[in-house]
Structures are given as C-alpha cells and as structure tokens.
Amino acid sequence: EGMQVLTMLAHHPSTARFVSTKLVRRFVADDPPAEIVAAGSQAFLKTGGDIREVVRAIITHPQFFAPQYYQAKFKMPSELIASSLRAVNVEVSFPPARRRRNQGGDPALGAYLQDMGQAGKRTPEGYPDYASAWVNSNALLVRMQFANALASGRIAGMKPNLEAARQLARELGLPEANAAQIEQVRAQMAEAAKPKKPGPGAGEAQMMMYGGEAGPAE
C-alpha cells in the first residue's frame with residue numbers, strides 16, 4: 001500500500017508541476033514563467049518522471065533565452081566563489097588553508113563562504129535558490145571584499161592568474177576598469193568596512209542575511 005501511494009503521488013500532475021517549478025526556478029528565473037513550467041510538467045507526465053527529458057523541455061523552450069530571463073539568476077555564494085576561481089584560473093596550495101581572520105594572516109576561502117551566509121546549514125531543505133535570500137548590504141559588501149582579496153592574492157592558499165582573467169574579459173567583450181575606477185572602488189570598500197556602532201549579533205545577522213526574506217511562492 002505504501003508503494004501504491006508513492007506511485008500515485010509520483011504520477012500526480014501536482015508533483016509534475018512542483019518538480020518543474022523547482023527546475024525552472026533553478027535554471028531560468030526566481031519567478032518561474034508559467035509557460036516553461038507547463039512544458040516541463042508535460043514532459044514529466046509524458047515520460048513518467050524522466051528528469052533528463054524535463055530539463056530538456058525547459059532549456060529548449062522558446063522562452064528560455066528571452067531577454068527578460070537571460071542571465072537573470074543571482075549567484076549563490078558557492079556559485080560566485082567557484083566561478084570566480086575559474087575566471088582567474090586560480091592555483092590552489094594543498095592542503096587547503098584553514099585560517100580565519102581572527103587567527104592572523106590572510107583569511108581562508110571558507111571564511112568568505114561563511115561570511116556570505118552559506119556554510120554549516122544543518123536542515124535538509126538546502127539553501128534558497130532565489131536572489132532575495134542573498135541580496136542585502138552586508139552580503140554584497142562581503143562579495144566585494146572577496147573579489148578584492150582574490151584579485152590581490154590575499155586569500156590563503158590561493159594564487160590568482162590575473163592575465164587569464166583579463167583574457168576572459170576580452171573574449172567576453174567586457175570593458176576593463178581603469179586605475180582611477182579601481183582606486184575609487186577600493187576607497188569605497190575601505191570606508192564601508194570601518195567599524196560602525198554595534199548592530200545585531202551574529203545570529204541575528206545570519207537571520208537577516210538569508211532567513212528574514214520570504215522566498216517566491218512554490
């Protein structure tokens with residue numbers, strides 16, 4: 001009877017819609033477009049839940065590359081760090097460094113991941129996959145600090161190749177910042193990092209970072 005219940009649930013249209021919505025949110029936009037969700041749901045029901053075919057229906061949908069959805073997703077901290085390391089073709093020293101700021105020396109990579117709010121989650125639902133959970137002034141400041149530290153070679157055990165990053169930027173047709181722009185950003189970051197009056201505790205700050213914002217409806 002238990003297997004019969006699971007089989008009924010697996011073939012229910014609501015399950016198809018739920019799974020398709022999750023995948024469209026992951027690959028397209030925080031607010032999943034109804035027409036792409038419908039295409040994924042139909043593929044789920046037609047193939048008996050073949051996830052490969054559901055993803056195929058999503059990424060081949062005519063709206064997948066629509067201007068309003070193209071590059072609309074905001075990277076989670078782990079995605080930001082991984083893509084940044086690839087962009088600068090970083091050379092990693094082993095074993096990985098474990099130092100944190102309060103232990104002296106350059107901070108380790110894990111310190112930035114934790115400061116961005118994505119480390120040590122103990123509940124099974126995973127981290128939220130929508131921008132409102134990650135976009136706030138503190139988290140964005142840490143992202144800028146991470147980028148500055150990575151480019152400056154000030155992350156323990158990480159040696160960046162800036163020429164590889166410049167080459168990638170040229171291939172993508174991105175404008176290269178001049179010295180004045182770089183110094184302006186550094187000055188703004190230094191000012192923002194100055195000690196301020198006491199704010200919320202660490203627990204409250206983490207709640208504000210990725211727990212205090214309601215996510216998109218399922």
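Once a new chain begins, its residue numbering starts again from 1 and follows that chain's sequence as written. At least 70 in pLDDT is required for a residue's local features to be given in this predicted model, at least 80 for side-chain atom pairs to be given and counted, and no such filter applies to totals for whole chains, interfaces and linings, which use all residues. Derived side-chain values reflect all non-hydrogen atoms in the structure, with water molecules and hydrogen atoms excluded from consideration.

A.B. asks: Would you mind going over the side chain of serine 20 with me for this structure?
C.D. replies: Within the fold, serine 20 resides in helix H2 (residues 13-27). Partly exposed describes any residue whose relative accessible area lies between the buried limit of under 20% and the exposed limit of over 50%, with all areas from a 1.4 Å probe on protein chains only and scaled to the type maximum. You can call serine 20 buried: its relative accessible area is 0%. Polar contact is the term for a pair of N or O atoms within 3.5 Å; when the atoms are in protein, one must be able to donate a hydrogen and the other to accept it, and sequence-neighboring residues count only if both atoms are side-chain atoms. Looking at serine 20, its side chain comes within polar contact range of the main-chain oxygen of valine 37, at 2.8 Å. When checking whether two residues touch, look at their non-hydrogen atoms; a contact exists if any pair is within 4.5 Å. Once residues lying within four places of it in the same chain are set aside, the contact partners of serine 20 are Ile36, Val37, Gly40, Ser41 and Ile58. By the criteria applied, helices consist of DSSP H or I runs no shorter than four residues and strands consist of E runs no shorter than two, each listed in order from the N terminus.

A.B. asks: Mind showing me how you'd approach the nonpolar core here?
C.D. replies: Across soluble globular proteins, nonpolar side chains have a tendency to be buried as a group. Take the buried residues of types Ala, Val, Leu, Ile, Met, Phe, Trp, Tyr and Cys, join any two whose side-chain atoms come within 4.5 Å, and each joined set is a nonpolar core. With 15 residues, the main nonpolar core has Val24, Val28, Ile36, Val54, Ile58 and Tyr69 as its most contacted residues. When contributions to this core are tallied by element, the ones reaching two or more residues are H2, helix H3 (34-47) and helix H4 (51-59). Ranked by residue count, the leading element in this core is H3, at four residues.

A.B. asks: What am I meant to see in the pattern of salt bridges here?
C.D. replies: Close approach of charged atoms allows side chains of opposite charge to pair. Salt bridges, as used here, are contacts in which a Lys or Arg side-chain nitrogen is within 4 Å of a carboxyl oxygen on Asp or Glu. Summed over all chains, the structure comprises six salt bridges. With its nearest N and O atoms 2.6 Å apart, the salt bridge here joins glutamate 79 to arginine 26. Remark: arginine 26 occurs in helix H2 and glutamate 79 occurs in helix H5 (residues 77-87); sequence separation between them is 53 residues. Notably, a salt bridge pairs arginine 166 with glutamate 163, separated by 3.8 Å at the nearest N-O pair. Pair noted here: arginine 166 and glutamate 163 are both in helix H8 (residues 162-171), with a separation of three residues, about one helical turn. Among the ionic contacts, a cluster of salt bridges with common partners joins Asp30, Lys73 and Asp129.

A.B. asks: Would you explain unusual backbone geometry in this entry?
C.D. replies: In this model, glutamine 71 sits at a positive phi of 55°, which is unusual for a non-glycine residue. Phi at asparagine 89 is positive, roughly 45°, even though this residue is not glycine. Structurally, asparagine 89 can be placed in the loop between H5 and strand E1 (91-92).

A.B. asks: Please explain the packing of aromatic side chains as it appears in this structure.
C.D. replies: The description of two aromatic rings rests on the distance between their centres and on the angle between their planes. For Phe, Tyr and Trp, rings pair up if their centres lie within 6.5 Å, where Trp contributes its six-membered ring, and each pair is then called stacked (planes under 30 degrees apart), edge-to-face (over 60) or tilted (otherwise). According to the stated counting rule, one finds four aromatic pairs in the structure shown. Measuring from ring centre to ring centre gives 4.9 Å for phenylalanine 64 and phenylalanine 65, while their planes differ by 90°; the resulting arrangement is edge-to-face. On the basis of relative accessibility, which here comes to 56%, the residue phenylalanine 65 falls in the exposed class. Each residue in the set Phe64, Phe65 and Tyr70 is aromatic and connected to the rest through ring pairs, giving one cluster. Charge-over-ring placement is defined geometrically: NZ (Lys) or CZ (Arg) within 6 Å of the ring centre, and within 35 degrees of the ring normal. Between the NZ or CZ atom of arginine 26 and the centre of the ring of phenylalanine 27, over which it lies, the distance is 6.0 Å.

A.B. asks: Explanation requested: the confidence of the model for the chain in the structure shown.
C.D. replies: The predicted coordinates should not be examined in detail at positions where pLDDT is low. Residue-level confidence of the predictor, termed pLDDT, takes values from 0 up to 100. Residues with a pLDDT of 70 or more make up 82% of the chain, whose mean pLDDT is 83. Of all the helices and strands in the chain, helix H10 (residues 202-210) carries the lowest mean pLDDT, 47, while H4 carries the highest, 97.

A.B. asks: Help me understand the packing of H2 against H3, please; the structure alone is not making it clear to me.
C.D. replies: When two helices pack together, their arrangement is given by the angle between the helix axes and by the axis-to-axis distance. Relative orientation of the contacting elements H2 and H3 amounts to 130°, with a least axis distance of 8 Å. Judged on the interaxial angle alone, H3 and H2 are oblique. As for how H2 packs across H3, the hand of that crossing is right-handed. Packed against H2, whose contacting residues are Pro13, Thr15, Ala16, Arg17, Val19, Ser20, Thr21 and Val24, the element H3 presents Ile36, Val37, Gly40, Ser41, Phe44 and Leu45 at the interface. Polar here means any residue other than Ala, Val, Leu, Ile, Met, Phe, Trp, Tyr, Cys and Pro, which are nonpolar, and Asp, Glu, Lys and Arg, which are charged; Gly is therefore polar. The class makeup of the residues in the contact of H2 with H3 is eight nonpolar, five polar and one charged. The convention used is that axes are lines fitted to C-alpha atoms, helices contributing only their stretch in contact, and that angles between N-to-C directions extend from 0 to 180 degrees. Orientation categories follow fixed angle ranges, with anything under 35 degrees roughly parallel, anything over 145 roughly antiparallel, 65 to 115 roughly perpendicular, and all other angles oblique. Here a crossing is taken to be left-handed if its near helix is turned anticlockwise relative to the far helix by less than a right angle, and right-handed if that turn runs clockwise.

A.B. asks: Looking at this structure, how should I read the side chain of threonine 21?
C.D. replies: Looking at where threonine 21 falls in the secondary structure, it is placed in helix H2. The class of threonine 21 is buried, set by a relative accessible area of 10%. Setting aside chain neighbours within four positions, we find threonine 21 in contact with Pro32 and Val37.

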